[in-house]
Amino acid sequence: MKTSQKRSIILAAEIIHSMLHQHLLSERIIHLKPSATLKMAQLARDYKAMGRDVISLSLGEPDFDTPEHIKTFAKQALDDGYTKYTPVAGLPELREAICTKLQRDNALNYTPDQILVSNGAKQSISNLCNALLNPGDEIILFAPYWVSYYDIAQLVGARVVSIHATVDQDFKVSPQQLAQAITHKTKMLLFSSPCNPTGSVYSRKELAAFVEVLKEHPNIIIVSDEIYEYINFSKQHASIASFDEVYPQTVTVNGFSKGFAMTGWRLGYMAGPSWLIKACANNQGQCTSGANAFGQKAAAQALLADMGPTERMRQAFKKRRDLVIELLSQIDGMQCNEPQGAFYIFPNITAIYGKTDGTELIRNSEDFCKYILEEAHVALVPGSAFGNDDCFRLSYAASDQILQTAIRRIKTAVEKLK
Ligand code: PMP
Ligand code: GLU
């Protein structure tokens, strides 16, 4: 029998097997959607493997490599024997370095027992949802929100309350909207600034207005996801935990994936009240233990070493942001804000809805992204995954040349829609 025939038989057997056993999956997992960002990135990889010339602007991942000096730290750490389990909360020297960083960059005072290092900031968020949310508890998200916030909250049975902000609001929620969304069941507020997927950045003044609302609700835990802190084009990054009134109820989440181009290292962390850090560490200790040892050792050094490469990446992203805005503005039907951070743009495309190329009707963001993938061979992510079906997300973590080609292709495809 030929190998291809054998493969087909195995595949058919697998499909039958999975149909017979689907019901064994837990309710929670049956209802869990795959991450839309990871799904689109995988689809683009699959298309490329089939020989299609696909440009992927779907994944939020710096296209830069980890800076050389950080790789050298990791190699040295391996040679020095950092190959064993670490304390669940993280290597003491990394937790010390994080405290130094938080004081230096954010004027935040923490001690190492208030820090938990995790397997990526994604795990920090998962730890927090597990530690805080009972089924039925409400979690407030500022929409557009990062895709996984919604699904992680759903996984623990919480009720998501989304507050919507449109492109005309620069995708920023007002304090009045926040006040209206709070109920006696609200347990947590979770938002990112700079924001994935909009690139919007809340200024210190805007955060101060939220503080006025939140200080009246000391039982609401504020989770401030600052993973794009170093990719900020506005004057200054502001941390909501630096307001004394809400410091005891705030957790700051951050990590190494974006600012240090270390996505594959899987290192994130949180800083917050020690009772909550302890509970999250307990959860992590049962699920995954401490993050990888040599990565932590290198990360501790990276935080206190030369920030030049991070600054150069920031400048490159800013130039690309300007390029992308200019190119997208030449496409009829796209309305953009001017993102002040991260490396995403989130254009509103409602003017395109109802149009067709004669075959495909564009009714929503998913139709649009499917059409662009098929017609222009560019992978984007539908806004619906981020709680806003009026838009799509484009990640501009790619070279100028790739961005120019991709947006030219998108323009040609959009011009076919009447
Ligand atoms: N928060 C936000 C807003 C993100 O965009 C991401 C995606 N990287 C994460 C958290 C998770 O990052 P990681 O797990 O790679 O540290
Ligand atoms: N956070 C990135 C994104 O939004 C990486 C992918 C993921 O972890 O979902 O694309």
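This one's a predicted model, so the numbers in the text were calculated from it and none came from an experiment. (Residues numbered from 1 in each chain as written. Chains lettered and ligands numbered in written order. Predicted model: local features only at pLDDT ≥ 70, side-chain atom pairs only at ≥ 80, totals over all residues. Heavy atoms only, no water.)

A. Structural context of the site of ligand 1. Taken together, the residues surrounding ligand 1 are G120, A121, K122, W146, Y149, N196, D225, I227, Y228, S257, K258 and R266. Within the side chain of D225, an N or O atom sits 2.5 Å from a nitrogen atom of ligand 1. The protein chains hide 93% of the 390 Å² of surface that ligand 1 would expose on its own. With respect to the detected pockets, ligand 1 is housed in the largest pocket. Of the residues in the shell around ligand 1, the class split is five nonpolar, three polar and four charged. (Near = heavy atom within 4 Å. Polar contact = N/O pair within 3.5 Å; in protein donor to acceptor, adjacent residues only side chain to side chain. Areas by Shrake-Rupley, 256 points an atom, 1.4 Å probe, with all protein chains shown as cover. 1 Å grid on protein atoms, 1.4 Å probe; cavity = no way out; pocket = protein on both sides within 12 Å on 5 of 7 lines; lining within 4 Å. Sits in = over half its atoms within 2 Å of the grid points. Nonpolar A, V, L, I, M, F, W, Y, C, P; charged D, E, K, R; others polar.)

B. Broad picture of the pattern of salt bridges. By the definition in use, this model includes 20 salt bridges. Residue D65 is joined to K71 by a salt bridge in which the shortest nitrogen-to-oxygen separation is 2.7 Å. Looking at D65, the relative accessible area reads 53%, which means it is exposed. The partner of K172 in a salt bridge is D170, and the shortest N-O contact between them spans 3.8 Å. With relative accessibility at 16%, the residue K172 sits in the buried group. Ionic contacts of the salt-bridge type, sharing partners, join the residues K101, R104, D105 and E229 into one network. (Salt bridge = Lys/Arg side-chain N within 4 Å of Asp/Glu carboxyl O. Buried < 20%, exposed > 50% of the residue type's maximum accessible area, 1.4 Å probe, protein only.)

C. Spatial organisation of the site of ligand 2. Close contacts around ligand 2 come from S35, T37, L38, L59, G60, K122, W146, N196, K258, Y344 and R393, and that covers them all. In the model, an oxygen atom of ligand 2 is placed 2.7 Å from a nitrogen or oxygen of the T37 side chain. Interatomic distance of 3.0 Å between a side-chain N/O atom of N196 and an oxygen atom of ligand 2. With the chains in place, 87% of the 280 Å² that ligand 2 exposes on its own is no longer accessible. Its atoms largely coinciding with the cavity grid, ligand 2 occupies the largest pocket.

D. Broad picture of the nonpolar core. Counting residues in each nonpolar core, the largest one holds 87 residues, and the members touching the most others are L128, F368, I372, L380 and L394. Every residue in contact with L394, bar those within four places of it in the chain, is listed here: L57, V324, F343, Y344, I345, L380, I407 and I410. (Core = buried A, V, L, I, M, F, W, Y, C linked by side-chain atoms within 4.5 Å. Contact = heavy atoms within 4.5 Å.)

E. Examining the sheet that holds strand β4 (residues 159–164) more closely. The strand order across the open sheet formed by seven strands is β2-β8-β7-β6-β5-β3-β4, and the pairing between neighbours is mixed. Each edge of the open sheet is held by one strand with a lone partner, namely β2 (115–118) and β4. Each neighbouring strand pair of the sheet contributes to a mean axis angle of 20 degrees, computed without reference to strand direction. By the bridge criterion, six bridges tie strand β3 (residues 138–143) to β4 in an arrangement that is parallel. Bridge pairing in β4 links L141 to S162. (Pairing = 2+ DSSP bridges. Helix = DSSP H or I, 4+ residues; strand = E, 2+ residues; numbered from the N terminus. Axes fitted to C-alpha atoms, helices over the stretch in contact; angles between N-to-C directions.)

F. A look at the side chain of D151. With respect to the secondary-structure elements, D151 resides in helix α7 (residues 147–155). Contact partners of D151, with chain neighbours within four places excluded, come to L32 and K33.

G. Structural view of empty space enclosed by the protein. Here the structure, examined in full by the defined rule, presents two cavities of 30 Å³ or more. In this structure, the largest cavity occupies an estimated 80 Å³ of space. Lining the largest cavity are 14 residues; nearest its centre among them are F142, P144, S192, C195 and Y202. For the lining of the largest cavity, the secondary structure elements donating two or more residues are β3 and β5 (186–192). Of the residues assigned to the lining of the largest cavity, the class counts are eleven nonpolar, three polar and no charged. Estimated volume of the second largest cavity: approximately 50 Å³. K101, I227, E229, Y230, N254, G255, F256, G259, F260, Y269 and L303 together form the lining of the second largest cavity. (Points joined across faces, edges and corners; volume = space filled by probe spheres on them.)

H. Looking closely at the pairing of β5. With respect to burial, β5 is a largely interior element, six of its seven residues being buried. Across four bridges, the pairing between β3 and β5 is parallel. Bridging across to β5, I140 finds its partner in L189. Where β5 lies against strand β6 (residues 221–225), five bridges are found, and the strand directions are parallel. Directly across from S192, in β6, lies its bridge partner D225. Read as a crossover between parallel neighbours, the route from β5 over helix α9 (residues 204–214) to β6 is right-handed. (Right-handed = clockwise from strand over helix to strand, strands pointing away.)

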